[in-house]
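Examining the three-dimensional arrangement
Given next are the chains, with one letter for each unit.
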Amino acid sequence: MKTLKGEAPLLVYECVSVPVRTENRQERKTGAGLGSAPALQMMMMRKSTFTASAFQLQQRQMEMGNFPKLPFFLFFIHQHITASTASTTKISPSSRNNGGFCNNYSTLHSVADAVASFNELLSMRPMPPVVEFNKLLGPLVKKKHYSTVISLCKQMDLSNIRPDVYTLTILINCFCHSNHDHFHFAFSVLGNMFKLGLQPNHVTFSTLLNGLSSKAKIIDAVKLFDEMVKMGYEPDVITYSTIINGLCKMGSTTMAIQLLKKMEEKGCKPNVVVYSTIIDSLCKDKLITEAMEFLSEMVNRGISPNVVTYSSILHGFCNLGRSNEATSLFKQMVERNVMPDTVTFNILVDGLSKEGMILEAQCVFETMIEKGVEPNVNTYNALMDGYCSQSQMDEAQKLFNIMVRKGCAPSVRSYNILIKGHCKSGRIDEAKGLLAEMSHKALTPDTVTYSTLMKGFCQDGRPQDAQKLLEEMRSYGLLPDLMTYSIVLDGLCKQGHLDEAFELLKAMQESKIEPNIFIYTILIQGMCNFGKLEAARELFSNLFVKGIQPDVVTYTVMISGLLKGGLSSEACELFREMAVHGCLPNSCTYNVIIQGFLRNGDTSNAGRLIEEMVGRGFSADSSTFQMLSDLESRDEIISLFMRASSQGRKMK
């Protein structure tokens, strides 16, 4: 490779070695191989000298204003590249019709084939032009063999093959997509590009910007963008769209819109990709009105929205529960001859199903088939979920059977949806049968599968069956989470199996899963409901010792338990302590304590709490109101409250 005297080599590399037949520059001139001691020693000495002098050269060039002030880092990693032991596969003569060069390297099937082809090029005399090597590197990059490309580029450097902008851009791309944080190498390659007198193009900068954005280094990407503009490189639409996409992914939609305006001021016309990116980001920010304004703006400017643009807005409407507007936009999309794809149809089917508009979802599903768009497993899942939410289990099962018949393999989620639907409809045995069917079809149930079925058993009053499922789940190597344990504990406590519940709590702790306040509240409520008030009080008190702060639900449960045990004074005291511990009572807490006082005949305290409750903007629930109605004729305070409530309802 030709270099200025004392200048550093042109490329920087990762410590990755691909077995490649190599000939270094000394070998071609003197006949000495790379493995010879004098040649290797000379090469190492030259690289050492180059590294020191390159820094001095950069300093002088920057002082003279000839060298761009970018954060370049020159790293030279020396490694011994062994002689090729790779496949000796040759390029067939029939594949050559371009001066003896391979016409299409994209047909190579493996890295070994690519290395063999690279060796072929290296062995040719005269040496092929760099464009032939680029043709080989391009397909490797597309297949994401980044480390291999980096190593092959090193061989090109050692073989004195002068890179062009395309070669170095490929290398930059590889460093950007490396599994390691090698952006400093990418910037070093850019620096060497300038030193060679090569002018990076928009693809070069877009590659760097895209790499930074993909690694969530958007601030660095913006700095590079600004530096690029200062250096006189006018960004094109691809460069702008790269930065705008990065800003949107980071959640900086406002900055992305500002950059769009700046882009227009500079005379660079935005394309559909730029608009679609911003529209999608606005929809994710739930700014659907602003997204629709951008849609109108792009249409007015003669930029036709594509399927991605419409799909983003449809998703935004559906996420906000505005399915009618989504349907209208879908019709507009079709009228403008923008063909919906599978993703678009899935968004609409899912949105309508979740809104309970199952007939409309079914209609969209049928339209999808009429248009020749093949439903996938997500389409079927969305519609099945809609049927299950409406307890139309026969329709859901029918759709499941159609999916199988059409050759669309059900996923674990497909079974989870059906299991949940059957459990909700009280068809627990059908749900259990689906679990067995999953095993026959080599589908591994997940935590959601087991948790859903356990909840179904508990709701059916069969917590022991849920416990068996928990053991089965563990035997298959699936680790129950807090939610799974809470489902089974709740089922056991509601059926009064408190001893088994505490045994399960112990097993849970032995599995290194620490119970949270939700778990403790379940246990406290179970003990209160089945006459274990003293144990409940002890467990509640121990929460503070454990450093766990009871929440409003825990306090409400404990207050209810004390009132049921006739301990009104203690319940009132605990009610007042809530605020001291930073936990304010809610509407449920007030209703629980008022009902407790009324049941215990303490209308005086009940009356005071009623006034306090109303003063805080809470209202009586149906149970409290019924109890107050029964006492109205006998208690003046209650009578006043009922009259006030009646007047308030008339005003509404």
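These figures come from a predicted structure and were not determined experimentally.

1. Here's the deal with the overall build of the chain
Secondary structure summary: the chain contains 33 helices and 2 strands in total. Per-residue burial over the chain gives 48% buried out of 652 residues. Partitioning the contacts of the chain with sequence separation of at least 6, the portion at a separation of at least 24 is 63%. Summed over all atoms, the accessible surface of the chain reaches about 32,100 Å², with 53% contributed by carbon and sulfur.

2. Some points on the environment of Asp236
Along the chain, Asp236 turns up in the loop between α9 (218-230) and α10 (237-249). Distance in space between the C-alpha atoms of Asp236 and Ser206 is 9.3 Å, their sequence separation being 30 residues. Setting aside chain neighbours within four positions, we find Asp236 in contact with His202 and Cys268.

3. Description of helix α8 (residues 202-214)
Across its 13 residues, α8 extends 18 Å between first and last C-alpha, which sits within 8% of the 18 Å expected from 1.5 Å per residue. Regarding α8, the residues found buried are Thr204, Phe205, Ser206, Thr207, Leu208, Leu209, Gly211, Leu212 and Ser213. Of the surrounding secondary structure, the elements contacted by the buried residues of α8 are α6 (165-176), α7 (183-195), α9 and α10. Sitting at the amino-terminal end of α8 is Asn201, which places a side-chain oxygen 3.0 Å from the backbone nitrogen of Val203. In the stretch just after α8, Ala216 is the one whose phi turns positive, near 60°.

4. Overview of the pattern of salt bridges
Summed over all chains, the structure comprises 19 salt bridges. Notably, a salt bridge pairs Glu325 with Arg322, separated by 2.7 Å at the nearest N-O pair. Judged by its relative accessible area of 28%, Arg322 is partly exposed. Salt bridges linked by common partners bring Asp429, Asp460, Arg462, Asp465 and Lys468 together as one network.

5. Notes on the nonpolar core
The tendency in soluble globular proteins is for nonpolar side chains to be buried side by side. Counting 174 residues, the largest nonpolar core has Ile278, Leu453, Met454, Leu523, Ile524 and Met558 as the members making the most contacts within it. Those residues in contact with Leu453, other than ones at most four positions away along the chain, are Ile419, Cys423, Ile428, Ala431, Lys432, Leu435 and Leu469.

6. Examining the packing of aromatic side chains
The geometry of an aromatic ring pair is captured by the separation of the ring centres together with the interplanar angle, meaning the angle of the planes. All told, the structure shown has 12 aromatic pairs when counted by the stated rule. Aromatic side chains Phe575 and Tyr590 sit 5.3 Å apart centroid to centroid with 75° between the ring planes, which places their arrangement in the edge-to-face category. Here Phe575, found in helix α29 (residues 568-580), pairs with Tyr590, found in helix α30 (residues 587-599); they are 15 residues apart in sequence, far enough to count as distant. Of the two residues, Phe575 and Tyr590, both sit in the buried class.

7. What to know about the side chain of Ser414
The topology assignment puts Ser414 in helix α20 (residues 412-424). Using a relative accessible area of 0% as the deciding quantity, one classes Ser414 as buried. If near-sequence neighbours (up to four positions away) are discounted, Ser414 is found in contact with Val377, Asn381, Met384, Phe400 and Met403.

8. What to know about the packing of helix α16 (residues 342-354) against helix α17 (residues 358-370)
For the pair α16 and α17, the least separation of the axes is 8 Å and the interaxial angle reads 165°. Taken together, the axis directions place α16 and α17 in an arrangement best described as roughly antiparallel. In the packing of α16 onto α17, the handedness of the crossing is left-handed. Of the residues in α17, those touching α16 at Thr342, Phe345, Asn346, Leu348, Val349, Leu352 and Ser353 are Ile358, Glu360, Ala361, Val364, Phe365, Thr367 and Met368. Grouping the amino acids of the contact of α16 with α17 by side-chain chemistry returns 9 nonpolar, 4 polar and 1 charged.

9. Considering helix α5 (residues 146-158)
In this model α5 runs 19 Å from its N-terminal to its C-terminal C-alpha over 13 residues, within 8% of the 18 Å that 1.5 Å per residue would give. A large share of α5 lies buried, amounting to 12 of its 13 residues. Looking at α5, one finds that the buried residues are Tyr146, Thr148, Val149, Ile150, Ser151, Leu152, Cys153, Lys154, Gln155, Met156, Asp157 and Leu158. With its phi angle positive at about 65°, Asn160 sits one or two positions after the end of α5.

10. Brief notes about the confidence of the model for the chain
Residues of the chain with pLDDT of at least 70 account for 80%, and the chain-wide mean is 81. Averaged over each element, pLDDT in the chain is lowest for helix α2 (residues 37-63) (37) and highest for helix α18 (residues 377-389) (97). For residues 648-652, every residue scores under 50 in pLDDT, and the model assigns this stretch 1 contact once sequence neighbours within four places are set aside.

11. Remarks on a positive patch on the surface
On the surface, a cluster of positive charge is made up of Arg413, Lys420, Lys424 and Lys455. In terms of residue count, α20 provides more of the positive patch than any other element does, 3 residues in total. For Arg413, the location among the structural elements is in helix α20. For Arg413, a relative accessible area of 45% translates into the label partly exposed.

Cut-off values and rules
- For every chain, the first residue of the written sequence is number 1, and numbering continues from 1 onward in sequence order.
- Selection of residues for local features in this predicted model requires a pLDDT of at least 70, selection of side-chain atom pairs for listing and counting requires 80 or more, and totals for whole chains, interfaces and linings are taken over all residues.
- Only hydrogens and water are set aside when side-chain values are computed; all heavy atoms of the structure are taken into account.
- Segments assigned H or I by DSSP are reported as helices when at least four residues long, segments assigned E as strands when at least two residues long, and all are numbered from the N terminus.
- When accessible area is computed with a 1.4 Å probe and restricted to protein chains, residues below 20% of their type maximum are described as buried, those above 50% as exposed, and intermediate ones as partly exposed.
- Whether two residues are in contact is decided by their heavy atoms, any of which lying within 4.5 Å being enough.
- In these tables, accessible area is a Shrake-Rupley quantity obtained with a 1.4 Å probe, and a residue counts as shielded only by the protein chains included in the view.
- Working rule for helices: expected span equals 1.5 Å times residues minus one.
- Pairs of N or O atoms are called polar contacts if they sit within 3.5 Å, as long as, within protein, a hydrogen donor faces a hydrogen acceptor (for residues adjacent in sequence, only side-chain-to-side-chain pairs).
- The salt bridge definition used is simple: a Lys or Arg side-chain nitrogen within 4 Å of an Asp or Glu carboxyl oxygen.
- Remark: nonpolar core denotes a set of buried residues (Ala, Val, Leu, Ile, Met, Phe, Trp, Tyr, Cys) joined through side-chain atoms within 4.5 Å.
- Working definition: a ring pair exists when centres of Phe, Tyr or Trp rings (six-membered ring for Trp) sit within 6.5 Å. Plane angles under 30 degrees give stacked, over 60 give edge-to-face, the rest tilted.
- In this analysis an axis means a line fitted to C-alpha atoms, helices contributing only their contacting stretch, and an angle means the value between N-to-C directions, from 0 to 180 degrees.
- An angle below 35 degrees is read as roughly parallel, one above 145 as roughly antiparallel, one from 65 to 115 as roughly perpendicular, and any other as oblique.
- A clockwise turn of the near helix away from the far one marks a right-handed crossing, whereas an anticlockwise turn of less than a right angle marks a left-handed crossing.
- Side-chain classes are defined by residue name, with Ala, Val, Leu, Ile, Met, Phe, Trp, Tyr, Cys and Pro counting as nonpolar, Asp, Glu, Lys and Arg as charged, and the others, Gly among them, as polar.
- Scored from 0 to 100, pLDDT records how confident the predictor is in each individual residue.
- Here, patches come from residues exposed beyond 30% relative accessible area and free of salt bridges, joined within 9 Å for like charges and within 5 Å for nonpolar side chains (Val, Leu, Ile, Met, Phe, Trp, Tyr).
- Charged-residue counts in this description rest on Lys and Arg as positive and Asp and Glu as negative, His and the chain ends being excluded.
- Lys charges are placed at NZ, Arg charges at CZ, Asp charges at CG and Glu charges at CD.

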